[in-house]
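These are the residues of each chain, in order.
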Amino acid sequence: HPPRTIPTKITPNLSGLDILPLGGDNLILIGERSNVIGSRKFKRLIAEENFDEAVDIAREQARKGAHIIDVCLANPDRDEAADMEHFLQKTTGLIKPPLMIDSTNPEVVEAGLQHCQGKGIINSINLEQGETRFQSTIPLIKKYGAAVVVGTIDELDGMATTRQAKLAIAKRSFDLLSAAGIEPSDIIFDPLVFPVATGDVKYTDSGVETIEGIRLIHQTFPECQITLGLSNISFGLPQAARKAVNTVFLHHCKEAGLNMVIINTESMGNIDELSAEERTLCDDLILARTAEPIPPLVSYYRGAKPVVSAPSETLPISEQLTQHIVSGSRAGLQATLEEARQTSLPLAIINGPLMEGMKEVGKRFNHNELIVAEVLQSAEVMKASVDHLTPFLDAADTKSQGTMILATVKGDVHDIGKNLVDIILTNNGYRVIDLGIKVAAETIIQAVKEHQPDFIGLSGLLVRSGVEMAEVAKQLEDADITIPLFIGGAALSEKFIERTIRPIYSGPVYYAKDPMACLAKLPESKNKQPGQIKPPTQPRVSQSQTSFVPPSIVKTCLPPDLHRHEITGSVAEIFKFTNPTMLFGKHLGYPGFKKDLVAGKSKATELHGRVLSAPDRIPVISYRILAFPILFPERARVLHLPGGAQQFVQQVAVDLLVLLVLPLEPRNYLLDSKLLHLVDVMQNVLRASDTLFRSGADEFAAVLPETAKADAAQPAQN
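For every chain, the first residue of the written sequence is number 1, and numbering continues from 1 onward in sequence order. At least 70 in pLDDT is required for a residue's local features to be given in this predicted model, at least 80 for side-chain atom pairs to be given and counted, and no such filter applies to totals for whole chains, interfaces and linings, which use all residues. Hydrogens and water are ignored here; the side-chain numbers use all heavy atoms of the structure.

1. Some points on the pattern of salt bridges
Okay, so step 1: The salt bridge definition used is simple: a Lys or Arg side-chain nitrogen within 4 Å of an Asp or Glu carboxyl oxygen. Enumeration according to the criterion identifies 25 salt bridges in this entry.
Okay, so step 2: The residue Lys-64 makes a salt bridge to Glu-60 at a minimum N-O spacing of 3.1 Å.
Okay, so step 3: Per-residue accessibility, obtained with a 1.4 Å probe over protein chains only, is compared with the maximum for each type, and a residue is labelled buried under 20%, exposed over 50%, and partly exposed between these values. By relative accessible area, Lys-64 is classed as partly exposed at 43%.
Okay, so step 4: A cluster of three or more residues bridged by salt bridges with shared partners is formed by Glu-49, Arg-78 and Asp-83.

Okay, structure coming up:
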């Protein structure tokens, strides 16, 4: 037999436990529900460390037809890397589709790729921070043979909104990846889609621009894949309308060349099941064919939900005005305002029935009875009412409700939520100074000093934006700026504000989950804090709880000594120096152990007993105490060591230093084949220990006595 012919072209594919060929005519479905940002249920399960049920969500997506499972665990309230480890350890043996690791943190991405059963996907990279950051991910792509999603974002214009910009960024990205040896079939372009139903004119035609952008990219790079986070197109619409719009939009995108889509596979629609009227209504919105496509679409799909009618002339004048706001109707508005002026002062009308209408709008929006576009319509009616009454106000009454500096923080190009806040506040009598996107802390501080605002608003969609917001808060505090701070973003929560922002910012801090929540909290914040900038004082060290690493050691605090120490004794004696949550929950694989132990559950009681009853295994651990600049001062208190070390921990917490304990030569360290952690070292510091030791060694050497330097030079094993 002649030797086989080596194929000149290999069919590109991805793989989990099964192979997924690429390049065919079939649309590849990427399940989106294993995502803490997009799924409340999944986020709750991860927060509860109920990884078994969280895995069931991924398995259900695979059963319902997902070819790829997107995994995003980027919650600013949790350790993303640890959650990725735990989730994928339980997932990879139970599902067959390839995995898409959805994170902007390179460490998390690598941890995810290490768990992929075959050829996975990195989601995603872009040119938002220039070519250096873009190219820094290439070694990971090549090391693990992964495919990569490339978003059409650059450092000049941010997210591309036009078809020409989408293609231009795709070309630039392709050239960089090709030059680095990345195969075209491993490049997956994401041309981005924006919501067309929020009332923001900036995105009115983004549907058709995305469709045509897909067409241009597909024609230019036929060997590459194209994906899309589909459901963003319908954000702000009622659920039934969202499904229809998503279905029609997907149909257009697929015809243009889309071959992958991130979607909830359990709620996909069928284009053939939509009536001609439904398709027309959806096309009017997606293709921007009519001037007012939203009202007829919403009216069609409103169903049993309450519809607010225009005000009836039989109602009292004050109630008619309230209904004008709630219904978003301008019909007869000026006549009603004039009639109200005969018996009430203009300011009383604004603060009375008009504001009552906006409060009702906020309430109905929170109950999902109104969509974003309807809220904006109500805000426009409010503005029209105020504009009509302004000439009749006294000079003292015409002043603005207040001024807000508004910005999307550095490193984030998303501005939809910020723009909605701008519209809502402006139409309700507030002055908004919009600094735009990717705004550095220094720019915000300069704007505050220049405009003397009453409030500061920080926005950001990305999880890493939470870190930048904390840095902004820290720099504001260091600049003695303590006016009310409003923070909002899809990945944030009240818990994040409480844990990360309030401890480092002495002014009032508010979490605004949406524009209406921000509007409702503004009067409260003005009463709580008049809003002024204190005269500059001497610089001080802020007790930051963020991942910001100071550039140098501010203060040196020496440990009791640098000698090796040993702790010996029975497990029961040493157990009090451990962190049970980490020991049982993480290292012994029992999430929720403490709660189950308190509840007296047999499984928890049995495991607890086995750990404490190990007389034949007397643990011994050697350690050395070192000091480094504080990263998380409140977490220093989790380290409990006997004698002088305990006293030193307290001293360290006060002096803004963190204690790092490096175990040396551990022996007799195993219990039931699991690692028994006798000293729980904060995970973030432990990862950075080598870097910290190297950066701090010279400064410590300068203050250590000569007799201790030789001891300090002994190698430490982590």
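After presenting the structure, the write-up continues.
2. Observations concerning the layout of surface pockets
Okay, so step 1: A pocket here means an open set of points on a 1 Å grid, computed over the protein atoms alone, that has protein on both sides within 12 Å along at least five of seven lines. A cavity is instead a set of points where a 1.4 Å probe fits but cannot get out; residues with an atom within 4 Å of a point line either one. Grid points are joined across faces, edges and corners, and a volume is the space filled by probe spheres set on the points. Roughly 730 Å³ of internal volume is contained in the second largest pocket.
Okay, so step 2: Looking at the second largest pocket, it is lined by 30 residues, and the ones nearest its centre are Glu-292, Ile-294, Pro-295, Ala-373 and Gln-377.
Okay, so step 3: Put simply, DSSP marks the helices as runs of H or I at least four residues long and the strands as runs of E at least two long, and each gets a number from the N terminus on. For the lining of the second largest pocket, the secondary-structure elements that each account for two or more residues are α11 (294–301), α12 (317–327) and α15 (372–389).
Okay, so step 4: With six residues, the single largest contributor to the lining of the second largest pocket is α15.
Okay, so step 5: Of the residues that constitute the lining of the second largest pocket, the class distribution is 17 nonpolar, seven polar and six charged. Note on residue classes: Ala, Val, Leu, Ile, Met, Phe, Trp, Tyr, Cys and Pro are nonpolar, Asp, Glu, Lys and Arg are charged, and everything else, Gly too, is polar.

3. A short note on the nonpolar core
Okay, so step 1: Core analysis: the largest hydrophobic core is formed by 82 residues, its most contacted members being Phe-87, Leu-177, Phe-189, Leu-237 and Phe-249.
Okay, so step 2: The element best represented in this core is helix α9 (residues 239–256), accounting for eight residues.
Okay, so step 3: Residues are treated as being in contact if the distance between any of their heavy atoms lies within 4.5 Å. For Phe-249, the residues in contact, after removing those within four places along its chain, are Val-193, Gly-207, Thr-210, Ile-211, Leu-228, Leu-230, Ile-233 and Ile-286.
Okay, so step 4: The next biggest cluster of nonpolar side chains, apart from the first, holds 45 residues, and it includes Tyr-203, Met-404, Leu-425 and Tyr-430. Nine residue types can take part in a nonpolar core, namely buried Ala, Val, Leu, Ile, Met, Phe, Trp, Tyr and Cys, and a core is a set of them joined through side-chain atoms within 4.5 Å.

4. Focus on the packing of helix α18 (residues 465–478) against helix α19 (residues 494–501)
Okay, so step 1: One can describe the packing of α18 onto α19 by two numbers: an axis separation of 11 Å at closest approach and a directional angle of 45 degrees. Classified by the angle their axes make, α18 and α19 are oblique. The handedness of the crossing between α18 and α19 comes out as right-handed. Residues Gly-466, Met-469, Ala-470 and Ala-473 of α18 form the contact with α19, whose participating residues are Phe-496, Thr-500 and Ile-501. Axes here mean lines fitted to C-alpha atoms, for a helix over just the part in contact, with angles spanning 0 to 180 degrees between N-to-C directions. We call two directions roughly parallel when the angle between them is under 35 degrees, roughly antiparallel when it is over 145, roughly perpendicular when it lies between 65 and 115, and oblique otherwise. We call a crossing left-handed when the near helix sits turned anticlockwise from the far one by less than a right angle, and right-handed when that turn is clockwise.

5. Describing the sheet that holds strand β16 (residues 509–511)
Okay, so step 1: Strands pair, by our definition, only if DSSP identifies at least two bridges between them. Pairing is parallel across the open sheet formed by five strands, whose spatial order is β13-β12-β14-β15-β16. Edge strands, defined here as strands with exactly one partner in the open sheet, are β13 (431–434) and β16. Taking the axes of each pair of neighbouring strands and ignoring which way they run, one obtains an average angle of 20 degrees across the sheet.
Okay, so step 2: Alignment of strand β14 (residues 455–459) against strand β15 (residues 485–488), held across four bridges, turns out to be parallel.

6. Some remarks on the packing of helix α3 (residues 80–91) against helix α4 (residues 106–115)
Okay, so step 1: Their axes nearest at 9 Å, the elements α3 and α4 cross at an angle of 10 degrees. Taken together, the axes of α3 and α4 lie roughly parallel to each other. Here Glu-80, Ala-81, Met-84, Glu-85, Leu-88 and Gln-89 of α3 come into contact with α4, specifically with Val-108, Ala-111, Gly-112 and His-115.

7. Points about the environment of Ile-182
Okay, so step 1: Assignment of secondary structure puts Ile-182 in the loop between α7 (163–179) and β9 (187–190).
Okay, so step 2: Note on Ile-182: relative accessible area 7%, which makes it buried.
Okay, so step 3: Placed 36 residues apart in sequence, Ile-182 and Ala-146 show a C-alpha to C-alpha distance of 9.6 Å.
Okay, so step 4: Not counting residues within four places of it along the chain, the set of residues in contact with Ile-182 comprises Ile-138, Ile-141, Lys-142, Leu-177 and Ile-187.

8. Some thoughts on α11
Okay, so step 1: By the burial criterion, the buried members of α11 are Ile-294, Leu-297, Val-298 and Tyr-301. Down the axis of α11, the smallest arc covering the buried residues is 95 degrees, so these residues share one side. Taken from the helix axis, the directions to the C-beta atoms give the arc we talk about.

9. Details of the side chain of Thr-336
Okay, so step 1: One can find Thr-336 in helix α13 (residues 333–341).
Okay, so step 2: Taking relative accessible area as the criterion, Thr-336 reaches 7% and is therefore assigned buried.
Okay, so step 3: Two N or O atoms count as a polar contact when they lie within 3.5 Å, although within protein this holds only if one can serve as hydrogen donor and the other as acceptor, and sequence-adjacent residues are included solely when both atoms are side-chain atoms. Of the polar contacts made by the side chain of Thr-336, one reaches the backbone oxygen of Gly-332; its length is 2.8 Å.

10. A closer look at unusual backbone geometry
Okay, so step 1: The amide bond that connects Asn-123 to the next residue, Ser-124, takes the cis arrangement and shows omega of 15 degrees.
Okay, so step 2: By secondary structure assignment, the location of Ser-124 is in strand β6 (residues 121–127).
Okay, so step 3: Phi angles above zero are rare outside glycine, and Leu-192 is one such case at about 70 degrees.
Okay, so step 4: Its place among the elements puts Leu-192 in the loop between β9 and α8 (206–220).
Okay, so step 5: The phi torsion at Lys-438 lies on the positive side, around 50 degrees, for a residue other than glycine.
Okay, so step 6: Mapped onto the fold, Lys-438 is located in the loop between β13 and α17 (441–451).

11. Remarks on the pairing of β15
Okay, so step 1: What you see with β15 is no split at all: Leu-485 and Ile-487 on one side and Phe-486 and Gly-488 on the other are buried throughout.
Okay, so step 2: Consider the strands pointing away from the viewer: the crossover is right-handed when the path from the first strand over the helix to the second runs clockwise. Each parallel crossover has a hand, and the one from β14 via α18 to β15 is right-handed.
Okay, so step 3: The sheet contact formed by β15 and β16 spans three bridges and is parallel. Across the sheet, Phe-486 pairs through a bridge with Tyr-510, a residue of β16.
Okay, so step 4: In this region the chain leaves β15, passes through α19 and returns to the parallel neighbour β16; the handedness of that crossover is right-handed.

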